Each structure stands twice: as C-alpha cells, then as structure tokens.
There are 2 protein chains.
Amino acid sequence: MEDKTVYDILAADLFEVIECGCEEHKNDLEDLTKNLVHLCGWVRSNRDNGSVGFIDFNDGTSFRNIQIVYSSEQNEENTYLECKKMHRGAAIELVGRLVLTPENKQPFEIHVYDGKILADVADDYPLQKKFHTVEFLRSIAHLRVRSNLSSAIFKVRNSLSMAIHSFFQMNRFMYVHTPLITCNDAEGAGETFSVVTKDKDPAAFFGRPVVLTVTGQLHVEAFALAYRNVYTFGPTFRAEHSNTVRHASEFWMIEPEMSFADLNDNMNVIENCIRYCIGYVLDDCKDEMAFFNEHIDHDLIKRLEHVRDTNFKHITYTEAIKEIKKAIASGVKFDNPNIEWGDGLQSEHERYITEKVMKGPTFVTNYPKTMTAFYMRQNDDGKTVANCDLLVPYVGELVGGSQREERYDVLKARMEELGNLSGLEWYLELRKYGCPVHSGFGIGFDRFLMYLTGVNNIRDIQPFPRTSDPIKY
Amino acid sequence: MEDKTVYDILAADLFEVIECGCEEHKNDLEDLTKNLVHLCGWVRSNRDNGSVGFIDFNDGTSFRNIQIVYSSEQNEENTYLECKKMHRGAAIELVGRLVLTPENKQPFEIHVYDGKILADVADDYPLQKKFHTVEFLRSIAHLRVRSNLSSAIFKVRNSLSMAIHSFFQMNRFMYVHTPLITCNDAEGAGETFSVVTKDKDPAAFFGRPVVLTVTGQLHVEAFALAYRNVYTFGPTFRAEHSNTVRHASEFWMIEPEMSFADLNDNMNVIENCIRYCIGYVLDDCKDEMAFFNEHIDHDLIKRLEHVRDTNFKHITYTEAIKEIKKAIASGVKFDNPNIEWGDGLQSEHERYITEKVMKGPTFVTNYPKTMTAFYMRQNDDGKTVANCDLLVPYVGELVGGSQREERYDVLKARMEELGNLSGLEWYLELRKYGCPVHSGFGIGFDRFLMYLTGVNNIRDIQPFPRTSDPIKY
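In what follows, the accompanying structure is described. Note that this is a predicted model, so its numbers are computed, not measured. (Residues numbered from 1 in each chain as written. Chains lettered and ligands numbered in written order. Predicted model: local features only at pLDDT ≥ 70, side-chain atom pairs only at ≥ 80, totals over all residues. Heavy atoms only, no water.)

### Topic: the overall build of chain A
Broken down by element type, chain A carries 15 helices and 17 strands. Looking at the 473 residues of chain A, the share that counts as buried comes to 60%. Contacts in chain A between residues at least 24 apart in sequence constitute 68% of all its contacts with a sequence separation of at least 6. With an accessible surface of roughly 18,800 Å², chain A has 47% of that area assigned to carbon and sulfur atoms. (Helix = DSSP H or I, 4+ residues; strand = E, 2+ residues; numbered from the N terminus. Buried < 20%, exposed > 50% of the residue type's maximum accessible area, 1.4 Å probe, protein only. Contact = heavy atoms within 4.5 Å. Areas by Shrake-Rupley, 256 points an atom, 1.4 Å probe, with all protein chains shown as cover.)

Pasting the structure below:
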C-alpha cells in the first residue's frame, strides 16, 4: 500500500463527504476510497471475538462514532495486538482504508492498516460503557464532556450560538460587547455580585463600587441610538440563592435593541428570531436532536417543528388574567388560585395560557407598570407598559421585551420615583438627543438551549455550571 | 405619486443593491428607482442655500452617509420647512425617490417626497460638526458612538468578531462558553478581581473564594480532550493598575485549543487565523478601513495586506537574544541594553526582531521555562518550553501559544513546585485519561482590533472601556 496517499481527515468531514452527494464531494470520496485515511481520536468501545475486532471511534468532531475494523487475518501481528489494547478512553491514531457500507446503518467503516495508542487511559477511568446518572456526570464535569449526553448538548450549544449570530448579522444587527463590570444595577433587584480587589475595598480600583452586570441593555441602547439595530451576546450574572433547575448565577444572554421599532416590530423580530434558530438547529444538529428525541423527550422534534412553522399568538396581560379567572371559576385547579389583576403570572398560569387557551407560542403584552422595570414605556392608560413576554408550551416564558421609555420627562420622573437615577444620568441623557421610539428584548441563552434539547436542568446545559452549588471547577 | 410602492429600507441594503451588480440586485434596483423608499435615521449635517437643501443622513447600518436633497421648488411648503428644521443629531424619517448619480463620488441620492422629525435634538448636543479630540469623545462614551471614528471602530469590531467565528467554525472548532467566575488563577499572577456578595464574605456564595477568570484555557482544555478542536471567545479580567494605552481590566480573548496538535500545528493555525481575519476585515469593511488609512495611519492597509499575503517567519528565543546582543554590540541603541538569556523580551526588542531582523510577522519559540506558565510543555533541554509568541511589525506581541504539558508526572511536579495544584486537581487528572499531545493559543481581541485599525489606545476600541480609570458608565 506504500504508493497510496494518506489523507489526514476529521470524522465530521468524512461524514460530510460521504453523505452530501454533491459532485465535488463525490470526486473527493472516490479519491479517499482509493487511498488511505489518517484519523486521530478516542476509543469509545473496543470488542474483539478473537480474530476480528471492532472499535467505536470518536474524534469529537461528529456526534456519531466511526466503526473501525481490525483482524488477525488482515493485519500484521503487531498492529492487531496494538488494536486489541486500545481501551475505552484512550487516544489513538489510525491509518486505514475507507470502506463504504451503504446497506448498513453506518454508511462506512474503516479497515485498519496501521494503528497506535497515543495516550493510554488509567484503569480507574470513571466513564464506563454503562448508564451514568446525570448527578454522577455533574460530579466529573471535566470528563462528562466525553459522554453522549454532554456531547449532544454542547454541539447544540455551539450551533445555537451560530444561529443567533447568523440571524442578527443577516438582518444587519451589529454585535456589541457591553461591559460586565459596571456601576449600575439595571433591574434594581439588588441581587448582584460585587467586584473587589485584594484589599476588599469595593471603591479602590474603579473609583466607586462596581458589580457584575445583570443586563447589557442600558449600554447597548446607546449603540442602538447610533447604529439602529444592535445586539449583545455575552455573560450576565445574578447573585440569587435560587436552588432550582432553571437558575444559574452566571448565564449567557442575547439582548437585541432596535431604533425606530415599536412593540409590534419588536414582537416580529422575536418571532422571526426564535423560529429561525429552531430551524437552524434542527437542520444543523440532526444526529444530536434525534438523540434527545429518543432519550429525553419523544415529542421534542415534533413540538419544535410546530413552533418553527406556527405564527405566534397575542393576548394582553389583562385578557390573560380574565382567562385564568374564568378557568378557576369553571373548576380548573391552580396551586395559586387567588390571582388578581396586578399579580405576576406564575409558571402554571403561563403554561395554562399558552397550552390550553392559545394552544401555541403566545406573546402576553402590556403588563402592569408596578411589576415591570423602570425603562419600559408607559402606556396612555397610566397603568400598563408596552412590554411582552413570549410564552411557549411546556416551558413558559422564553423571551421578555419592551418598548423603551423614550420621553425624557416621563423617564426622569419614573427614575426619580424609583430612586435609581444616580449613576444613570447618561442613560437619561440619551433621551435629549434624537431618541426615537425604540425597543428591545432579552433571551436567556441557557434556557433557550434547555428548551431546544428538552434537558430540564441548567446544570447539564452549561460547560462548567455556575449555580448556587459550591464551585469545584 | 400615490400609486407607487414605498419600500422600507436600510442604508446598508441600499448601498449593496446599488453597488453589487448581480442580476438579482439589478432587478431590485430597477424596482426601487421606479417606486419610493422609506428611511429612518439621524441627521449628520443639514445645509440649505435658501431654495435647495442637503442632508447628510446616516441610519447607522452603513459607515457612509446618504445625501438627501430637498428644495422649495420640488417639495410642498410644509415638507420643505420641516426638512430645514432637521438639525444635526435629530432622528428623522423620509420618503423619497432614489436617484442614481454614477458620475458623482456618491453613487446615489434621495430626493425628498415627504419628511418628518421623529425625535428632536437639544441645543446643547455635544457632538458638533467639527474636530473633537479622542479625550473629549471618551468623556461622552454614550454619545461618541455616533462619531465617525467610533462608528468605523465598532463596525470593524463586529466584523472581526464574525471573522473569528467564521474561521473556527469553517475549520470545525466548537465554540465553548467557559465560566468567568472561577476558583483558579491560571496564570498564577495573583492580579485577579474577587467576586463577593453583599456580606463581603468571599466564600459565602460558592463555598470558597472565587475570582473573575484571567483565561478560559484550563477549562477549554477539558473540551479539547473530548471534541478535538475547540475555542472560547469571551471576556477575561486583570486587576492590574497599568495605566497604559494597551492595558484594560476587562477585555475579550480568543482561546483555541487542539488535541493531536504540536507546536508546529499550533503555529500553522495561528498564522492561518491571523491572515484570514485580516483578509476578512479588509473585504468586509472597505469604507471603514479607508477611513483609518486616511485619518490614522497612511500605511495601514499596505501593512495589513503584506501580513495577509506573507508567510510568517520563525526564530527561537535563544537566537533572538543572540540577534539583540549582536545588534547592541554593533551600536544599536535600546532603552534596555542589558539583556541576557533568561530575561523577558521588551517591546523594543520584539519590534527590533520583527521589523529589522526578520522583516515580517515572526514566531519566537521556546522561551525559558522560568518565565512561562506552569502548563507549557517542557522541552528535552530542561531549560525551555514548547511555546511561541507571534510578533508583528509596529506592534510587537499579538498572539501567545504553547504545546501543553501532557505528561502527568512532569505536570504534577511542576504544579507542586509552583504551589498551584490545589483546586486544579481536575486539570491534572485530565492527563490520566487519553491525553494526547495538544496545543492552544490566546489572541487578545482588543489588541488585535487596535492592530487592524491603527487606533493606539484601548480606550477608543472598547464600547465602554474598563481600564484603571474611574468608571462612569
């Protein structure tokens, strides 16, 4: 075989060349099958029956394993013995022949020509070929990334990140890196982390106390008033001791902001964005999504396809409260049955509205002013603001957005009323200089990823989770 | 004109339709010129000579302004008077006719049909149509984004971010969000910010003291050992009180990591990445780059094109020291003339090597072990490590990378020697389970952006700079 070319190749490229079917890839494939391929990756399993052996090989670039075949008849003794010693978890390199197997589930296999263990694995390797609980996997966050579950999750995480950028760039939104260290607490929640230097004086370094940001919105508004359409996509923080499956103290947010856009424009962009991202991930991550559909939730793909293909619905907060009260009167049971206008919607109410009343993804609009942030635009009724929450079946709230208060006097009065003008004079001042109607929204990236994968604990969705649990990694 | 369609359009789309020249855009253009366009944006300037007026209009989606023409003859009196009142900084909307002007510098103008001020501008608008110093612009960070300089910088910032993602995705690197709150200080520098909750007890929330990360590398290595090729792209922090034009306390880093890659593979990827990103930005930001070339540095584009088209050079640290000593002996003057093997290269030395000795972008490799981080792979000489710094003319260091120490015993001994094993047991443990040769590097995103734009102060490169200056925004 000495006169053959050896092609160094990644598993993902191999799958693409074999499955794409375009003319160029057909030529590549012909070339590959006539020559040899060189692969580097890890052993997922290895079994031999004494004369023929099979390795499930994965180099991390594809979710699917590649089947490697070696045998005492076809291989030289040294190679055969080396292949037999390739244990689960070991890093190996292989030179082999690409053999197409269109009749099998796997479209090809690699027949070993030469193989070598590059880095062996200790006997106490915790990831054995058996079912591991997610709790166990969380305890080995540095190794769980090699499991099927994590592998599927983190590939979708990558894909969703690219879907976000793709959608906004295509629509001429400019990406902005808003600062994480800030002196304002935009939500007024007070649940922020402080940033200090070694001497623990919070004002020592930056001249005043600083915190980790809870939102990039205020900063990115200044950009929207210059570039029209902008978005942030970065980490945000909450020092909440909420020990739930959905809360993390560090998580990524997508925060677009648009000038010359009212609440309806805002809802159109939200709807297009969510539907685009779902479509992107379903196309880009077929293997991973099939895995979730099989192992996590059998309705997942059907549900996502429905959302991708459905026009979202609209209901006001006031109507939603009426619907819930009507339901209670007709005998529907809620854990929180004493809900009145002015109260927040609990998750059970949100799910009732989107699943039973509207039967699909639904925007709830115009919430009471008393329960919303200072920057939301006040409606003429004096009671509500021009905001929206997007509710989706089986999850509840996925996106929150609003028109921003663009009127200097109204915003100033509201900020004074709430006592958060100090330090935000610059934000108010934006209203003096050519500040048109503008709107924006926020998507919790990690929650969106939970929604797309059906994985119901944020600890399994983040690379190294930052929740209220003790930090080990 | 009532039977005409009014197309709502962004400036960037208008420029593209007019300048692209493809068949589809030609049809779009024909349609646009036969009908009316609707634009929303801001006034950059407005001058009228009593009967004809010209507005420089910008909606933020394109760096170039659009010329708007109104006149007392062509427009109804109300429209004409409204247009005259459109002051610099005001938000306006316009309906007008697209008129091609291929003979002029600007390929088209808009003749007003109807116009309206959407949000006026107060008289004390600080951004007047005159030269403002960068120092003044820094003092109005929320408004400077509307200046030409900031506009060019932040558009290139967006473009470079997309170039990074494009390069790594194309090469099958998976994007990973490594955590920012961490319990390890990977560089051992100690210049970290602590993260605390309101009670100021650093261990209260996460069970142990935590800091803001100085690098995502250690975490992303765990991912490289599962997915082969990965990268982070996110914020990192340094609590250094370095009041220079190049230091910030919060900045974005790109940190790729590759399994089965040695130092040479690493340098190949660095070279391909830098050259690709330069080419991408030169193509994607022609107007902005022309602006920098005219106003900041007349050699900028020529220099970048040279780097884009040149193979990078290589020299070892040991050879570099010899060259510098030879230069000193032959009369070249340095501020730091007493340099010996084992000393760090100062910026002046780096620039001498890349500009005078190698005459182009240069990798300096194999630095002394004593001056490098614990995770770099030790060479067989016992004195140096398998690392590299990429030096470029006129800037010095742009990228740093290394092969990582993959040998369990060697790494353990080094970590014990330096006293930083505690809390990083998981990192060491990665070496037990199929840990092949692997490498990675870090690019300071903000410094790369300074290099691409010629802008020499990081305070002008970041949306809301976080340096050792007091925080106002």
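### Here we look at the packing of helix H10 (residues 317–329) of chain B against helix H11 (residues 347–357) of chain B
Residues and elements named next belong to chain B. Here H10 crosses H11 at 85°, and the two axes come no closer than 10 Å. Here H11 runs roughly perpendicular to H10, going by the angle between their axes. Contact residues: H10 offers Ala320, Glu323, Ile324 and Ala327, while H11 offers His349, Tyr352, Ile353 and Val357. Classifying every residue of the contact of H10 with H11 gives six nonpolar, one polar and one charged. (Axes fitted to C-alpha atoms, helices over the stretch in contact; angles between N-to-C directions. Parallel < 35°, antiparallel > 145°, perpendicular 65-115°, else oblique. Nonpolar A, V, L, I, M, F, W, Y, C, P; charged D, E, K, R; others polar.)

### A few points about the interface of chain A and chain B
Counting residues at the interface gives 106 residues for chain A and 106 residues for chain B. Counting each side, the surface lost to burial between chain A and chain B is near 8,800 Å², with a carbon and sulfur contribution of 63%. Sorting the residues of chain A by area buried against chain B places A:Arg172, A:His177 and A:Tyr433 first, and these three jointly supply 9% of that buried surface. Our count for the chain A to chain B interface comes out at six salt bridges. For the salt bridge of A:Lys432 with B:Asp124, the shortest nitrogen-to-oxygen distance reads 2.9 Å. Taken together, the links from chain A to chain B amount to 46 residue pairs in polar contact (both at pLDDT 80 or more). Broken down by element, the side of chain A that touches chain B gets its largest block of residues, ten residues, from helix H6 (residues 148–170) of chain A. (Buried area = accessible area lost by both parts, 1.4 Å probe. Salt bridge = Lys/Arg side-chain N within 4 Å of Asp/Glu carboxyl O. Polar contact = N/O pair within 3.5 Å; in protein donor to acceptor, adjacent residues only side chain to side chain.)

### Describing the relation of the copies chain A and chain B
When chain A is fitted to chain B, the residual RMSD is 0.0 Å, and the transformation amounts to a turn of 180° plus an axial shift of 0.0 Å. Here the symmetry operator amounts to a two-fold rotation axis. Ranked by how close their C-alpha atoms come to the rotation axis, the residues of chain A are headed by A:Val195, at 2.5 Å. With an isologous cut-off of 70% or more, the 100% of interface residues of chain A that recur at the interface of chain B puts this contact in the isologous class. (Least-squares fit on C-alpha atoms with pLDDT ≥ 70 in both.)

### Let's talk about the packing of aromatic side chains
Summed over all chains, the structure comprises 62 aromatic pairs over all chains. Judged by centre distance (5.1 Å) and plane angle (50°), the ring pair of A:Phe260 and B:Trp42 falls under tilted. One end of the pair, A:Phe260, is in the loop between strand E12 (250–259) and helix H8 (263–284); the other, B:Trp42, is in strand E2 (residues 36–48), on a second chain. Following the ring pairs from residue to residue traces out a cluster consisting of A:Phe167, A:Phe168, A:Phe173, A:Tyr175, A:Tyr231, A:Tyr276, A:Tyr280, B:Phe233, B:Trp252 and B:Phe445. (Phe/Tyr/Trp six-rings, centres within 6.5 Å; stacked < 30°, edge-to-face > 60°.)

### A word on helix H13 (residues 408–418) of chain A
Since the α-helix advances by 3.6 residues per turn, residues separated by three or four positions end up pointing in the same direction. All names here are of chain A. Those residues of H13 lying buried are Leu411, Arg414 and Met415. Projection of H13 onto a plane perpendicular to its axis shows the buried side chains occupying an angular sector of 100°, all on one side. With respect to the buried face of H13, the exposed residues turned more than 90 degrees away are Asp409 and Glu417. In this structure, the buried residues of H13 make contact with helix H14 (425–429). Of the residues trailing H13, glycine 419 is marked for its positive phi of about 70°. (Arc of directions from axis to C-beta.)

### Describing the sheet that holds strand E16 (residues 396–403) of chain A
All names here are of chain A. Strand order in the open sheet made by the eight strands is E7-E11-E12-E17-E16-E15-E14-E13, with mixed pairing throughout. Single-partner strands in this sheet number two, and they are strand E7 (174–175) and strand E13 (313–316). Across four bridges, the pairing between strand E14 (residues 362–365) and strand E15 (residues 387–392) is antiparallel. Paired with valine 364 across the two strands is aspartate 389, which belongs to E15. Contacting E12, E13, E14, E15, E16 and strand E17 (438–444), H8 runs over the sheet at an angle of about 30° to E17. Against the sheet, helix H11 (residues 317–329) contacts E13 and E14, and its axis sits at roughly 85° relative to E13. (Pairing = 2+ DSSP bridges.)

### A closer look at the pattern of salt bridges
Under the definition given, this model contains 52 salt bridges over all chains. Close ionic contact of A:Arg377 with A:Glu406 constitutes a salt bridge, the shortest N to O distance being 2.8 Å. Taken together, the positions of A:Arg377 in the loop between E14 and E15 and A:Glu406 in the loop between E16 and H13 put the pair 29 residues apart, joining distant regions of the chain. The two residues A:Arg377 and A:Glu406 agree in class, both being buried. What emerges from the salt-bridge pattern is a single network uniting A:Asp13, A:Glu16 and B:Arg172.

### Description of helix H3 (residues 77–84) of chain B
Residues and elements named next belong to chain B. All of the buried residues along H3 are Thr79, Tyr80, Glu82 and Cys83. The arc that holds every buried residue of H3, seen down its axis, measures 165°, which confines them to one face. Residues of H3 that are exposed and point more than 90 degrees away from the buried face comprise Glu77 and Asn78. Looking at the packing, one finds that the buried side of H3 touches E2, strand E3 (52–58), strand E4 (66–71) and strand E6 (108–119).

### Considering the side chain of A:Arg459
All names here are of chain A. Counting through the fold element by element, arginine 459 comes out in the segment after helix H15 (445–453). Accessibility expressed as a relative area gives 8% for arginine 459, which makes it buried. At 3.0 Å, the side chain of arginine 459 and the backbone oxygen of threonine 244 are in polar contact. Setting aside residues no more than four positions away along its own chain, arginine 459 makes contact with Arg138, Arg144, Asn243, Thr244, Val245, Pro465, Thr467 and Asp469.

### Looking at the side chain of A:His165
Its place among the elements puts A:His165 in helix H6. Not counting the four nearest positions on each side in its chain, A:His165 is found in contact with A:Tyr175, A:Tyr231, A:Phe233, B:Met162 and B:His165.

### Details of the pairing of E15(A)
All names here are of chain A. Where burial is concerned, most of E15 is hidden: six out of the six residues are buried. Side chains Asn387, Asp389 and Leu391 project from E15 onto one buried face, and the interleaved Cys388, Leu390 and Val392 project onto a second face that is buried too. Where E15 meets E16, six bridges bridge the pair, whose relative direction is antiparallel. Its bridge partner being in E16, asparagine 387 is matched across the sheet by serine 402.

### Quick look at unusual backbone geometry
Backbone geometry places A:Lys359, a non-glycine residue, at a positive phi of 55°. With respect to the secondary-structure elements, A:Lys359 resides in the loop between helix H12 (347–357) and E14. By relative accessible area, which is 58% here, A:Lys359 ends up exposed. A positive phi angle, close to 60°, is found at B:Phe260, a residue other than glycine.

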